[in-house]
Amino acid sequence: MPGITLGDTVPNLAVKTTHDNFKLHDYFADSWTVLFSHPGDFTPVCTTELGAMGKYAHEFQKRGVKLLGLSCDDIQSHKEWIKDIEAFTPGSKVTYPIIADPNKEIIPQLNMIDPIENGPSRALHIVGPDSKIKLSFLYPSTTGRNMDEVLRALDSLLLASKHQNKIATPVNWKPDEPVVISPSVPDEEAKKLFPEGFKTADLPSKKGYMRLADVF
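Residues numbered from 1 in each chain as written. Predicted model: local features only at pLDDT ≥ 70, side-chain atom pairs only at ≥ 80, totals over all residues. Heavy atoms only, no water.

Caption draft 1: Main features of the nonpolar core. Formed by 28 residues in total, the largest nonpolar core has its most connected members in Val-34, Met-53 and Phe-60. Broken down by secondary-structure element, the contributors of at least two residues to this core are β3 (32-38), α2 (44-55), α3 (57-62), β4 (65-71), α4 (75-88), β8 (122-127), β9 (133-139) and α6 (147-162). No other element matches α6, which puts six residues into this core. Membership of the second largest hydrophobic core comes to 20 residues, among which are Leu-13, Tyr-27, Leu-35 and Ile-99. (Core = buried A, V, L, I, M, F, W, Y, C linked by side-chain atoms within 4.5 Å. Buried < 20%, exposed > 50% of the residue type's maximum accessible area, 1.4 Å probe, protein only. Helix = DSSP H or I, 4+ residues; strand = E, 2+ residues; numbered from the N terminus.)

The structure is reproduced here in structure tokens:
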């Protein structure tokens, strides 16, 4: 994908939303944020996704993470659409702001373009308090998001950040499962980081790079 990507700073755009108007860096400043885009209001897959975001909102709140939607229509259209979203997904409340982008000027600046459709995409950036992109998902128009995977990836990012990125999460990792220690961390440092110990897998190469530890 061209444009901003992992590690890049999100441009400090002034945006209008269903809640109020603000600059993106002000919104990102004090927490992690899940920023997610949609091709347009009153579309079926997007309606299910925004409903799911509302239903999962308490999970993001528990983690101290904010939500910020974006769709290529105006504020009034968003507000009417919210009624459908909440009706289709019982128990869902769209309490997060949704950015308006009726002229499709914001979407390209946030690198949320679908190269197949050559238009707005179903994209998601996880943004840190430093306004930098930590993770991006880009889905085709035919595939809705998996909210459990968004949460799982977010938990991985938060845990790695807590440990200064000296650990990583292996395939299919879930919270409370062992993590791997970064190869850049020498054994002596790893012993200090994990005083309760870690396990080194006995592999044919005998290189000792597969070190697993429990984190609490």
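Now, onward.
Caption draft 2: Molecular detail of the sheet that holds strand β10 (residues 167-168). Read across the sheet, four strands follow the order β10-β11-β13-β12 without closing on themselves; strand pairing throughout is antiparallel. A single partner strand is all that each edge strand has here, and the edge strands are β10 and β12 (199-200). Relative to strand β11 (residues 179-181), β10 runs antiparallel, the two being bridged by two bridges. In the sheet register, Ala-168 faces β11, and the bridge partner there is Val-180. (Pairing = 2+ DSSP bridges.)

Caption draft 3: The arrangement of the packing of aromatic side chains in detail. In this structure the tally under the stated criterion is four aromatic pairs. Their ring planes at 70° and their centres at 5.5 Å tell us that Phe-36 and Tyr-96 sit as a pair that is edge-to-face. One end of the pair, Phe-36, is in strand β3; the other, Tyr-96, is in the loop between α4 and β5 (98-100), with 60 residues separating them in the sequence. A relative accessible area of 0% means that Phe-36 is categorised as buried. The interplanar angle of 45° and the centroid separation of 6.4 Å between the aromatic rings of Phe-42 and Trp-81 together place this pair among those described as tilted. Of this pair, Phe-42 sits in the loop between β3 and α2 while Trp-81 sits in helix α4, and the two are 39 residues apart along the sequence. (Phe/Tyr/Trp six-rings, centres within 6.5 Å; stacked < 30°, edge-to-face > 60°.)

Caption draft 4: Quick peek at the domain arrangement of the protein chain. Examined at the domain level, the protein chain breaks down into domain 1 (8-145) and domain 2 (167-213). Measuring from the centre of the C-alpha atoms in domain 1 to the corresponding centre in domain 2 gives 36 Å. (Domains from an automatic or database assignment.)

Caption draft 5: The environment of Glu-188, seen in detail. Mapped onto the elements, Glu-188 comes out in helix α7 (residues 187-193). Linking Glu-188 and Phe-198, residues 10 residues apart in sequence, is a C-alpha distance of 12 Å. Of the polar contacts made by the side chain of Glu-188, one reaches the side chain of Lys-191; its length is 3.3 Å. (Polar contact = N/O pair within 3.5 Å; in protein donor to acceptor, adjacent residues only side chain to side chain.)

Caption draft 6: Here's a closer look at the UniProt feature "active site" (unreviewed entry) in the protein chain. This chain's UniProt record puts "active site" (unreviewed entry) on Cys-46. Topologically, Cys-46 is positioned in helix α2. By relative accessible area, which is 1% here, Cys-46 ends up buried. For Cys-46, the contacting residues outside a window of four places in its chain are His-38, Pro-39, Gly-40, Trp-81 and Arg-122. (UniProt positions renumbered as here; feature names shortened; annotations may be inferred. Contact = heavy atoms within 4.5 Å.)

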